[in-house]
Amino acid sequence: MKEVMIRTRGLTKVYGDFVAVEDLSFEVYKGEVFGLLGPNGAGKTTTILMLLGLVRPTKGEAWIDGYSLTREPMEVRRVASLVPESLGLYDYLTARENLYFTAELNGITGEEKRRRVEELLSKVGLSEWSNVKVGKFSRGMKQRVGIARTLMHDPEVLLLDEPASGLDPRARVHMRQLLRRLADTGKTLLVSSHILPELAAICDSIGILHMGVLRTAGPLQEVLSSLRRHRLI
Ligand code: ATP
């Protein structure tokens, strides 16, 4: 039996009289990369922020690793972590220094901090670049520092908002490989994008969000063939 790590039921967000996300229900399984596909304004970011408890749902419920978003928000924040589109790294610090700073914010100090940061730099393929100021990094390398930072407290679920946006084709390949490796170690990933081929290359399952409504969701190949049948591509 596959373990469900993200489950939403009727998740809805209304701003004034505008429905940004409507009645969203889907599941993501452990060790899976789930892609949330939709054009700008479809409600992807709102969904991600709701799943992290950063935006309060108007209606509905979600569970992350079995924890209820509405009743156990602190547990949800412990098991789920965001890699935002805008990374907010310190350009004048090196990759290692950025991660040291994050470690200390997480209460990790001394030898444990050094060990953990080296492990994360290696995991995201940045060991050789660890002493370079992040301001000199490409977008793809900054993304990798952002992912390492998010992994600091070892969350089970990672939510990545448009991780491939602004990456050149080579950096996209590296990003895909990194996300795949993380999923293979048992992490569960939810990735948003407005580009289908980008998601198709890394996802096990996808959901298509359009004007706040989930039109279809399921294993990648099933969704792709249903799209072909309906000539929606
Ligand atoms: P993008 O890729 O452009 O970020 P998205 O799919 O992530 O798109 P959201 O950012 O979730 O979309 O926005 C969904 C809709 O909700 C948009 O029409 C947006 O204008 C609206 N919206 C988002 N946040 C708010 C808010 N705080 N107040 C009012 N409307 C909002």
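Residues numbered from 1 in each chain as written. Predicted model: local features only at pLDDT ≥ 70, side-chain atom pairs only at ≥ 80, totals over all residues. Heavy atoms only, no water.

## Overview of the sheet that holds strand 1 (residues 4-15)
Adjacent strands of a sheet pair through backbone hydrogen bonds, lying either parallel or antiparallel.
Then step 1. Pairing is antiparallel in the open sheet, where 4 strands are placed in the order 2-1-4-5. Only two strands of the sheet have a single neighbouring strand rather than two, namely strand 2 (18-29) and strand 5 (67-68).
Then step 2. In this structure, strand 1 lies alongside strand 2, joined through 8 bridges in antiparallel fashion. Note on strand 2: the bridge partner recorded for Arg7 is Glu27.
Then step 3. The strands touched by helix 1 (residues 44-51) within the sheet are strand 1, strand 2 and strand 4 (59-64), with strand 1 carrying the most contacts at an inclination of about 120 degrees. (Pairing = 2+ DSSP bridges. Helix = DSSP H or I, 4+ residues; strand = E, 2+ residues; numbered from the N terminus. Contact = heavy atoms within 4.5 Å. Axes fitted to C-alpha atoms, helices over the stretch in contact; angles between N-to-C directions.)

## Focus on the site of the ligand
Then step 1. Within the structure, the ligand sits among Tyr15, Phe18, Ala20, Pro39, Asn40, Gly41, Ala42, Gly43, Lys44, Thr45, Thr46 and Glu162.
Then step 2. Asn40 places a side-chain nitrogen or oxygen 3.3 Å from an oxygen atom of the ligand.
Then step 3. Within the contact set of the ligand, an oxygen atom lies 2.9 Å away from a backbone nitrogen or oxygen of Lys44.
Then step 4. In isolation the ligand offers 630 Å² of accessible surface; the protein chains occlude 59% of this area.
Then step 5. Going through the elements one at a time, strand 2 and helix 1 are the ones with two or more residues in the shell around the ligand.
Then step 6. Per-class residue counts for the shell around the ligand are 5 nonpolar, 5 polar and 2 charged. (Near = heavy atom within 4 Å. Polar contact = N/O pair within 3.5 Å; in protein donor to acceptor, adjacent residues only side chain to side chain. Areas by Shrake-Rupley, 256 points an atom, 1.4 Å probe, with all protein chains shown as cover. Nonpolar A, V, L, I, M, F, W, Y, C, P; charged D, E, K, R; others polar.)

## Overview of a nonpolar patch on the surface
Then step 1. Judged by side-chain polarity, Tyr90, Tyr92, Phe101 and Leu105 come together as a nonpolar surface patch covering roughly 450 Å² of accessible area.
Then step 2. Looking at where Tyr92 falls in the secondary structure, it is placed in the loop between strand 6 (80-83) and helix 3 (95-105).
Then step 3. A residue is classified by how much of its surface remains accessible, and Tyr92, at 56% relative accessible area, is exposed. (Patch = residues over 30% accessible without salt bridge, like charges linked within 9 Å, V, L, I, M, F, W, Y side chains within 5 Å. Salt bridge = Lys/Arg side-chain N within 4 Å of Asp/Glu carboxyl O. Buried < 20%, exposed > 50% of the residue type's maximum accessible area, 1.4 Å probe, protein only.)

## A look at the packing of helix 3 against helix 5 (residues 139-151)
Then step 1. Between helix 3 and helix 5, the shortest axis-to-axis distance is 10 Å and the interhelical angle comes to 25 degrees. One way to sum up the angle between helix 3 and helix 5 is to call them roughly parallel. The hand of the helix 3/helix 5 crossing is right-handed. Along the contact surface, helix 3 presents Ala95, Asn98, Leu99 and Thr102, while helix 5 presents Val145, Ala148 and Arg149.
Then step 2. The class makeup of the residues in the contact of helix 3 with helix 5 is 4 nonpolar, 2 polar and 1 charged. (Parallel < 35°, antiparallel > 145°, perpendicular 65-115°, else oblique. Left-handed = near helix turned anticlockwise from the far one by under 90°.)

## A look at the environment of Ser192
Then step 1. As for its position among the elements, Ser192 is in strand 8 (residues 188-193).
Then step 2. For Ser192, a relative accessible area of 0% puts it in the buried group.
Then step 3. When the C-alpha atoms of Ser192 and Ser226 are compared, they prove to be 20 Å apart, with 34 residues separating the residues in sequence.
Then step 4. Setting aside chain neighbours within four positions, we find Ser192 in contact with Leu36, Lys44, Ile48, Leu160, Asp161, Glu162 and Pro163.
Then step 5. Of note is the side chain of Ser192, whose polar atom sits 2.7 Å from the side chain of Asp161.

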